[in-house]
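Residue-level structure breakdown
Residues per chain, in single letters:
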Amino acid sequence: MRRILLLITAILSLTAQAAGHYTVVISLDGCRWDYPQWYDTPFFDQMAAEGVESGLIPSFPSKTFPNHYTLATGLYPDHHGIIANNFFDPATGRQFSLSDPQTKQDPVFYGGEPIWVTAQKNGINTVAYYWAGSDVRIQGITPWRYYSYEDKPLQTYDQRVNGIIDLLRLPEEERPRLIMSYFDQPDYNGHDFGPQDKHTRDAVVKMDRLMRRLYDGIQSLPIAGEVNLIILSDHGMTPLADERVVNLRRILDERWITSAEGNVPANLYVRPGCIDSVCQALSTVGHIQYWRKADVPAYLHYGSNPRVGDIVVLPDLGWVVCDSLNGEYGSHGFDPDFSDMHALFRAVGPDFAHVRRPHFRNVDIYPLLCHLLGIRPAPCDGTLDEIRDILR
């Protein structure tokens, strides 16, 4: 009995300790796990030397919006419903598109429970800068404060960093315990120039310096010793080439298809009675894999959601399903097993150990954040058990 009481006391003590800390999560879109090996990133290297050095395995498809919402919910895209950046929803007959605020901000498309909803339900203030889904009233709840891409002008990178530091200066009763912020580099340059171009190198170096400024600002605060800093990404990036294009228009009869969404992967929504014809045509095409929805390999965790296309076409790494690249020389969305798709993960702070560990699934981030906040996670696909070694 005495041992049980000691164990309970220890658990309660750890929970109370975690609950007293603050966590800042920064997402650098499209930041490959190995950019710090390629480029001069002294701050990312310092984080690795003092805290957790690892990488994140994205969920399929390794695209921006689905994976940012996975990071927030701990659910695979197939389970939370944002199955791609753009998709057709048979239940409503509507096209979800990031360029359409009417669908992008409609709660009907968002399943699961993002971390800010879980936190706000528990009376914990949260703030989100431009994080996917944070400007949507999911379960009727938004973060305590949030910034939407639909509100222009967008805050500059420096304004976001200054804003985070100012939030941590607020009186204790107002101070948010969780702050999440999104930055669109180095993804932007990675697409335009490819991951190994000097412009992408410059973007990575710039973000490293920006994160150093954020860290230094946090260290200047009286509560510096109570702040966890996590820097991560949604996916990696791989180079493209003009000759690595799969043009399906040349082999698919447009009468077979009601809609085709995306290029890595492509979700094909097929007219009744035409699936066999589409599959027969695709069987003649090189540099792709394709599956009927029910046959998508289990390890991809994709295909059970009604929003997934009747046929999913996945090009080989570095290939794209489109007519032409139109000046794009880097992309993502490919099989997460490819290390090119893996994303950066660094963490330092009072709750993190000093450890270098193998890459882990990004669905584990949500239960990790719940642990850091001292709250119970909603049902999800991730588990803290997989990554307890990164904690003190």
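Now for a look at the structure at hand. Each residue is numbered by its place in its chain's sequence as written, counting from 1. Local features in a predicted model are, by the rule used here, given only for residues with pLDDT of at least 70; side-chain atom pairs are given and counted only at 80 or more, and totals for whole chains, interfaces and linings are based on all residues. In computing side-chain properties, one takes all heavy atoms of the structure into account and sets aside hydrogens as well as water.

Focus on the pattern of salt bridges
For this analysis, a salt bridge means a side-chain nitrogen from Lys or Arg found within 4 Å of a carboxyl oxygen belonging to Asp or Glu. The final tally for this structure, using the stated rule, is 17 salt bridges. A salt bridge links Glu-150 to Lys-104; the nearest nitrogen and oxygen atoms lie 3.3 Å apart. With Glu-150 in the loop between strand E6 (145–147) and helix H8 (157–167) and Lys-104 in helix H6 (residues 101–104), the pair connects residues that are 46 residues apart, well separated along the chain. Here Arg-169 makes a salt bridge to Asp-166, at a shortest N to O gap of 2.8 Å. Partly exposed describes any residue whose relative accessible area lies between the buried limit of under 20% and the exposed limit of over 50%, with all areas from a 1.4 Å probe on protein chains only and scaled to the type maximum. For Asp-166, a relative accessible area of 43% translates into the label partly exposed. Residues joined by salt bridges that share partners form a network here, namely Arg-32, Asp-34 and Asp-340. Going along the chain from the N terminus, every DSSP run of H or I of four or more residues is numbered as a helix, and every run of E of two or more is numbered as a strand.

Some remarks on the nonpolar core
As used here, the term nonpolar core means buried Ala, Val, Leu, Ile, Met, Phe, Trp, Tyr and Cys residues forming a set that is joined through side-chain atoms within 4.5 Å. Ranked by internal contacts, the top residues of the largest apolar core, which has 64 residues, are Ile-115, Ile-230, Phe-345 and Leu-368. Counting residues per element, the ones that place at least two in this core are strand E2 (52–57), helix H4 (64–73), helix H7 (115–121), strand E7 (178–183), strand E8 (227–232), strand E14 (311–315), strand E17 (343–348) and helix H12 (365–373). Once you skip the residues sitting within four places of it in the chain, Phe-345 turns out to touch Val-52, Glu-53, Ser-54, Gly-55, Leu-56, Ile-230, Ile-231, Leu-232, Phe-360, Ile-365, Leu-368 and Ile-390. Membership of the second largest hydrophobic core comes to 38 residues, among which are Phe-43, Phe-44, Met-207 and Met-211. What makes two residues a contact is simply this: any of their non-hydrogen atoms within 4.5 Å.

Quick look at the packing of H8 against helix H10 (residues 198–219)
The axes of two packed helices give the description: the angle between them and the distance between them. Axes, fitted as lines to C-alpha atoms, cover a helix only where it is in contact. Angles between the N-to-C directions of the axes lie from 0 to 180 degrees. Orientation of H8 relative to H10, taken along the N-to-C sense of each, is 20 degrees, at an axis distance of 9 Å. In terms of their interaxial angle, H8 and H10 are classed as roughly parallel. Considering the relative orientation of H8 and H10, their crossing is right-handed. For the pair formed by H8 and H10, the contact residues are Tyr-157, Asp-158, Val-161, Asn-162, Ile-164 and Ile-165 on the first element and Lys-206, Met-207, Leu-210, Arg-213, Leu-214, Gly-217 and Ile-218 on the second. Any residue outside Ala, Val, Leu, Ile, Met, Phe, Trp, Tyr, Cys, Pro, Asp, Glu, Lys and Arg is labelled polar, Gly included; the first ten of those are nonpolar and the last four are charged. In terms of residue class, the contact of H8 with H10 is made up of eight nonpolar, two polar and three charged. Angles below 35 degrees are treated as roughly parallel, those above 145 as roughly antiparallel, those between 65 and 115 as roughly perpendicular, and all remaining angles as oblique. In this scheme the handedness of a crossing depends on how the near helix is turned from the far one: anticlockwise by less than a right angle means left-handed, clockwise means right-handed.

Geometric descriptors of this kind do not, in isolation, establish any biological role.
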